[in-house]
Amino acid sequence: MKHTLLATTFAAIVALGTFPGAAWAETAGKADPRITMALKEGWRFRLGDATGAEKVDFPDGGWPTVAVPHTWNRVGYYKTPSPDRINKPDNLDKTQGTGWYRLSFTPSADFKGKRAWLQFDAVSRRADIWLNGQYLGKHDGGFSRFRLDATAALKPGQPNLLVVKADNSKPVPGAATADIFPLAGDFFVHGGIYRNVALVATSDIHADMLDHGGPGIYATTKALDGTSAQVQVAIQARNSGARNAKVTIVTKLVDAEGRVAAEGTQTASLAPGSTARLDQPLSVTNARLWQGTADPYLYDLVVEFQDARGQVLDRVTQKFGIREVRFDANKGLILNGKPVRLQGVGLHQDLEGKGWAMDEQDIAADIAIIREMGANTIRLTHYQHGPTIHELADRYGLILWDEIPLVSAWAPPGGKVATDGLLANVRQQLQELIRQNQNHAAVVTWGIANEVDFGTTPVAPFIGITPGSDPAPLLRELRALSTATDPSRPTVLATCCEGGMFGDAYIPLVSEEVELAGANRYFGWYYGKPADLGPNLDALRAARPNQPLSLSEYGAGGAVTIHTDDPLGGPVDARGRDQPEEYMSYIHEQAWSVLGPREDLWASWIWNAFDFATLVRREGDAEDVNTKGLVTYDRKIKKDAYFFYKANWNLAPTVHITGRRYVDRAYPVTHIRVYSNAPATDLLLNGRSLGTRKDCPQKICIWENVPLDEGNNEVTATGLFTEGAVTDSVRWTLASGSAGSFRIDSGALVAAEASTGRFGSDTFFTGGTAGNVQPPSGYGPPPPRKPVNGTSDTALISSYREGDFTYRLPVQDGTYQVTLSFIEPAAAAGERQFDVIANGDKKLRALDVAASAGAPMTLLKRDFTVKVKGGSLSLHFAPIKGQAIVSAVEVVRK
């Protein structure tokens, strides 16, 4: 398929108005000295070996045709069957290897006499490029823009053949990608030409096209005094021709109405084949500042190169926001003299069905979802993201943390230091990150590492960290390079492990190597309790009181098809399947109760905005998906936790009933929770009023122990706002077998399926602790299950509650059959004895499970009848010796 010349740039990018060479209001009517040809359609593609494919006469007629952005990978899927699933087990492709692309295209004859540049916004991980059989070069790194000089090989006005070999092989020793970061990471590195490609023509005199993929012009706000601003523009002027050239360089800041707000002119003599750095100061009076989401005002920075006759040889335009950012250890981020509270999300460039090959519309849709929630900052993880999201962040005032893919590991397996090749690559990727994004007002810091402080924790061997290795020397070098490249922004990194979560393990204190600190903390998920978050942050602040601190990651997994009746009913399986959506909401509610009142953090980021692909997880209801996203991988479901933050962060009216996907209810009584930022919220159940809640703490309105009707239950919440009512409704069902019964899977966060009826997860209890005779999930394959004698309901009986505890069931008056199931995990006969007391009546006396069952890990059942008056049944498990224990409680009305 032939490819013909398009307009000066991509239509979607023109709409954004930020691609170099686009026509701006101030330069309207002037011919663009650059020509840009989008190379999008008609690529021939082959996955795998294609020896000789770089040759012009190579037969590719049998190769399928694709368009870029493109990736050959499709990774991760949800296990619950659904007709609208995008990724399925039979259409996945996890190939990590090479893919070949061939494109026949015919550039305009206008390219003749011009310098021609092939521009790739990203190819993962490594790219080798040929044009018309001539090898142009390679690029190591899967996240940044790069350009190659194609002048000598290009045939203007004639058919040309562009060949790209992309390689996303694992970076193991001996591979072509061995010296390319990242070396590790909980995300999948997709392969392919997954961002845009263009052929760009310039004159011999131009802003440097080979300055690490940057625009060749770089502006910095040097000083603010009221509404007066001093802006410094660094210009990389390049003469690619064979003759000396004297040029005039005109630099302008143009406001949104097309008026010139500041202008500077200078001349330069450029020797053949040379690049000169020129500094142009600009003074702006009555400057309108870039104020984040409050007023993200942008100027056009326009730099023109003119010859002696005034003819424009080159023109580069960049959006630029005038702003001043500083960080305070106690007040956080200060934007233009005022503290700004930053609350947002981490983000991966990943979409089900497309992977990393997201187009401009996909990215814009993601930003709309993030903005709807009320976030004002994004941590772009764990690598450089593309131009579109940076442009949108500038436009909408979203503060960005940018970072390079130095993730967890910095040396090859068995090594303690980075090889020379790795060192060169990480330096290159940092310079590319900065040069390509330093004009963006939204970017406030350069991230140089993520979680390189695993030290001697149990996680370290799985990452490949060699004991005794120290990342500090590399971090110091990267900080120095970042500061030299862009002195206006501080460096930052995110830690995983400081603060005692891993006992006596050695933890390198890497936060000392950067100006700003970030802490990835998962209390209540991987370790500890949610309440430990505050003390951990306090300890980090005390350790470095003068260093601004942020919470760079926090959260929990959440499967929208897995549910619990009580997030405190049992231990979460952070490496396994029991990851209910309600537990995710609980973790976020608890975390925000800590973070909300704090004013001494410069930002906090939820992990993550969206579920994303990875190869290290078999968790929740998914395979190869990290389910910590507030929104599902396909963007079809916003999880309950998303609306918790929307109610707290966005002033727009929000009313959301939680647990909406827990349709088939296990218990005849439930708490109903509504996220609402209304002054008052009404609740109806099947048309009956359940009352009003006003000014709910944390925007969480709760109606406790609501009896459900047998069959359908229509729940309607109405927020009463000054501007009008906002309503949300859900429908739940209660089966006849559950209407008069309480079947409790004791100690279980997620109820097991059972042969004796529908069980709910552990709830209605006070006291005791949850346990399980089965080993917890960990890294690697699931551990083998232990057998339980005397039952086929192994999962039900394996979990238990033990201690001194009581179940209080809100039952109707009447006579009930109570059946209790027990298992003795390990104690011998005589080591554990307890009573069971029902509404004050001792029903079981000095029960010894081991003695009665005859052996550990053997089911024992006991039952009795109880009459209830007053609408409540209390079952007290009272220890006599050791701890009381129970695995299942069944209360069925007779």
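In every chain, residue numbers begin from 1 and rise along the written sequence. Local features in a predicted model are, by the rule used here, given only for residues with pLDDT of at least 70; side-chain atom pairs are given and counted only at 80 or more, and totals for whole chains, interfaces and linings are based on all residues. For side-chain calculations, the full set of non-hydrogen atoms in the structure is used, while hydrogens and water are omitted.

### A look at the overall build of the protein
Heads up, the condition is: Each helix is a run of DSSP H or I of at least 4 residues and each strand a run of E of at least 2, with the numbering of both proceeding from the N terminus. Our radius of gyration is a C-alpha quantity, and the globule rule it is checked against amounts to 2.2 Å times the number of residues to the power 0.38. Partly exposed residues are those whose accessible area sits between 20% and 50% of the maximum for their type, while under 20% is buried and over 50% is exposed, using a 1.4 Å probe and protein chains only. Every accessible area reported is derived by Shrake-Rupley at a probe size of 1.4 Å, with residue values counting cover from the shown protein chains alone. Charge convention: Lys and Arg are scored as positive, Asp and Glu as negative, and His as well as the terminal groups of each chain are ignored. Charge coordinates come from a single atom per side chain, which is NZ of Lys, CZ of Arg, CG of Asp or CD of Glu.
Helix and strand content of the protein: 12 helices and 54 strands. Over its C-alpha atoms the protein spans a radius of gyration of 31 Å, differing by no more than 12% from the 29 Å that the globule rule assigns to 894 residues. Over its C-alpha atoms, taken along the principal directions, the protein stretches across nearly 105 × 60 × 50 Å. Counting over 894 residues, the protein shows a buried share of 60%. As presented, the protein carries roughly 32800 Å² of accessible surface, and 50% of it is formed by carbon and sulfur atoms. Positive and negative side-chain charges in the protein, numbering 92 and 98 respectively, have mean positions lying 1 Å apart.

### Topic: the pairing of strand 28 (residues 516–520)
Condition: Strands pair, by our definition, only if DSSP identifies at least two bridges between them. Crossovers are marked right-handed if the path from the first strand over the helix to the second runs clockwise, as seen with the strands pointing away from the viewer.
Summarising burial for strand 28: 5 of the 5 residues are buried, a large majority. By the alternation rule, side chains of strand 28 split into L516, G518 and N520 and A517 and A519, which are all buried. Sheet topology note: the strand 27 (residues 491–495)/strand 28 ladder contains 4 bridges and is parallel. Its bridge partner being in strand 28, L493 is matched across the sheet by A517. Here 4 bridges tie strand 28 to strand 29 (residues 549–553), and the two strands are oriented parallel to one another. Within the sheet, the bridge partner assigned to N520 lies in strand 29 and is E553. Following the chain from strand 28 across helix 7 (residues 533–543) to the adjacent parallel strand 29, one finds a crossover that is right-handed.

### Examining the environment of V197
Counting through the fold element by element, V197 comes out in strand 11 (residues 197–202). Assessed through its relative accessible area of 2%, V197 is described here as buried. Between the C-alpha atom of V197 and that of T483, which follows or precedes it by 286 residues, the distance is 30 Å.

### Some words on the nonpolar core
Rule in force here: We define a nonpolar core as any set of buried Ala, Val, Leu, Ile, Met, Phe, Trp, Tyr and Cys residues linked to one another through side-chain atoms lying within 4.5 Å. The contact rule is simple, with two residues in contact once any of their heavy atoms fall within 4.5 Å.
Counting residues in hydrophobic clusters, the biggest one holds 122 residues, and the most contacted among them are L406, Y554, W602, L630 and Y645. In terms of residue count, helix 8 (residues 581–595) provides more of this core than any other element does, 8 residues in total. Discounting residues that sit within four places of it in the chain, W602 has contacts with F327, G332, L333, L342, W401, T445, V492, L516, A517, P548, L549 and S550. By size, the runner-up hydrophobic cluster in this structure holds 45 residues, among which are I744, V811, Y816 and L873.

### Points about the pattern of salt bridges
Selection rule: Should a side-chain nitrogen of Lys or Arg be within 4 Å of a carboxyl oxygen of Asp or Glu, the pair is scored as a salt bridge.
Tallying each qualifying case throughout the model produces 53 salt bridges. Two residues, D211 and R435, come together in a salt bridge whose shortest N-O distance is 3.3 Å. Of this pair, D211 sits in the loop between strand 12 (205–207) and strand 13 (217–225) while R435 sits in helix 4 (residues 420–437), and the two are 224 residues apart along the sequence. According to the relative accessible area criterion, R435 is buried, its value standing at 16%. The closest approach of N and O atoms between E372 and K638, which form a salt bridge, is 2.7 Å. Residue E372 is found in helix 2 (residues 360–373), and its partner K638 is found in the loop between strand 33 (625–626) and helix 9 (640–649); the two are separated by 266 residues along the sequence. In this structure E372 comes out as partly exposed when scored by relative accessible area, which is 27%. You can call K638 partly exposed: its relative accessible area is 24%. Members of the salt-bridge network, linked through shared partners, are K79, K94, R577, R618, E623 and D624.

### Topic: helix 4
The line we're drawing: A helix's residues, less one, multiplied by 1.5 Å, set its expected span.
Between its terminal C-alpha atoms helix 4 stretches 26 Å, which fits the 26 Å expected from 18 residues at 1.5 Å a residue. For helix 4, the full list of buried residues reads L422, N425, V426, Q429, L430, Q431, E432, L433, I434, R435, Q436 and N437. Among the structural elements, strand 8 (134–140), strand 13, helix 3 (387–396), strand 25 (399–403), strand 26 (443–450) and helix 6 (472–485) are those in contact with the buried residues of helix 4.

### Remarks on the packing of helix 7 against helix 8
The following threshold applies: Axis definition: a line fitted to C-alpha atoms, limited for helices to the stretch in contact. Angles are taken between N-to-C directions and run from 0 to 180 degrees. For classification, angles of less than 35 degrees are called roughly parallel, those exceeding 145 degrees roughly antiparallel, those between 65 and 115 degrees roughly perpendicular, and all remaining angles oblique. By definition, any crossing whose near helix is turned counterclockwise from its far helix by less than a right angle is left-handed, and any crossing with a clockwise turn is right-handed. Polarity classes work like this: nonpolar for Ala, Val, Leu, Ile, Met, Phe, Trp, Tyr, Cys and Pro, charged for Asp, Glu, Lys and Arg, and polar for all others, with Gly in that last group.
Two numbers describe how helix 7 lies on helix 8: the axes approach to 9 Å, and their chain directions differ by 40°. Comparing their axes, helix 8 and helix 7 come out oblique. Relative to helix 8, helix 7 is oriented so that their crossing is right-handed. Contact residues: helix 7 offers L533, G534 and L537, while helix 8 offers A591, V594 and L595. When its residues are assigned to classes, the contact of helix 7 with helix 8 shows 5 nonpolar, 1 polar and no charged.

### Some points on the packing of aromatic side chains
Rule in force here: Aromatic rings from Phe, Tyr and Trp, with only the six-membered ring used for Trp, were paired whenever their centres fell within 6.5 Å, and each pair was classed as stacked if the ring planes differed by under 30 degrees, edge-to-face if by over 60, and tilted otherwise.
Per the stated rule, a full pass over the model turns up 38 aromatic pairs. On the basis of an interplanar angle of 50° and a centroid distance of 5.5 Å, the ring pair of F143 and W356 is categorised as tilted. With F143 in the loop between strand 8 and strand 9 (146–149) and W356 in the loop between strand 23 (343–347) and helix 2, the pair connects residues that are 213 residues apart, well separated along the chain. As far as burial versus exposure is concerned, F143 and W356 are alike and both buried.

### Here's the deal with the sheet that holds strand 20 (residues 325–328)
On the basis of which strands lie adjacent, the open sheet formed by 3 strands has the order 20-21-22 and antiparallel pairing. Pairing within the sheet leaves two strands with one partner each, and these edge strands are strand 20 and strand 22 (338–340). Between one strand axis and the next, the sheet turns by 40° as a mean value, whatever way the strands run. Note that strand 20 and strand 21 (residues 332–335) share 4 bridges and pair antiparallel. Pairing of V325 across the sheet is with L335, part of strand 21.

### Some thoughts on the environment of D453
Formally: Throughout this description, a polar contact denotes any pair of N or O atoms lying within 3.5 Å of each other; where both atoms belong to protein, one of them has to be capable of donating a hydrogen while the other can accept it, and for residues adjacent in sequence the pair is counted only when both atoms sit in side chains.
Along the chain, the position of D453 falls in the loop between strand 26 and helix 5 (460–463). D453 sits 405 residues away from G48 along the chain, and the two C-alpha atoms are 37 Å apart. With sequence-adjacent residues up to four places away left out, D453 is seen in contact with T495, C496, C497, E498, I507, P508 and V510. Within polar-contact distance, the side chain of D453 engages the backbone nitrogen of C496 at 2.9 Å.

### A few points about unusual backbone geometry
In this structure, R125 follows S124 across a cis peptide bond, with omega equal to -15°. Inspection of the secondary structure assignment puts R125 in the loop between strand 6 (115–120) and strand 7 (126–131). Looking along the chain, the bond that leaves F181 and enters P182 is cis, with omega of 10°. Relative to the helices and strands, P182 is located in the loop between strand 10 (160–167) and strand 11.

### What to know about helix 7
The line we're drawing: Read the arc as the range of directions from the helix axis to the C-beta atoms.
When we look at burial in helix 7, the residues that qualify are L533, G534, N536, L537, L540 and R541. The buried residues of helix 7 occupy an angular sector of 165° when the element is viewed end-on, so they sit on one face. The secondary structure elements touched by the buried residues of helix 7 are strand 28, strand 29, helix 8 and strand 30 (601–606).

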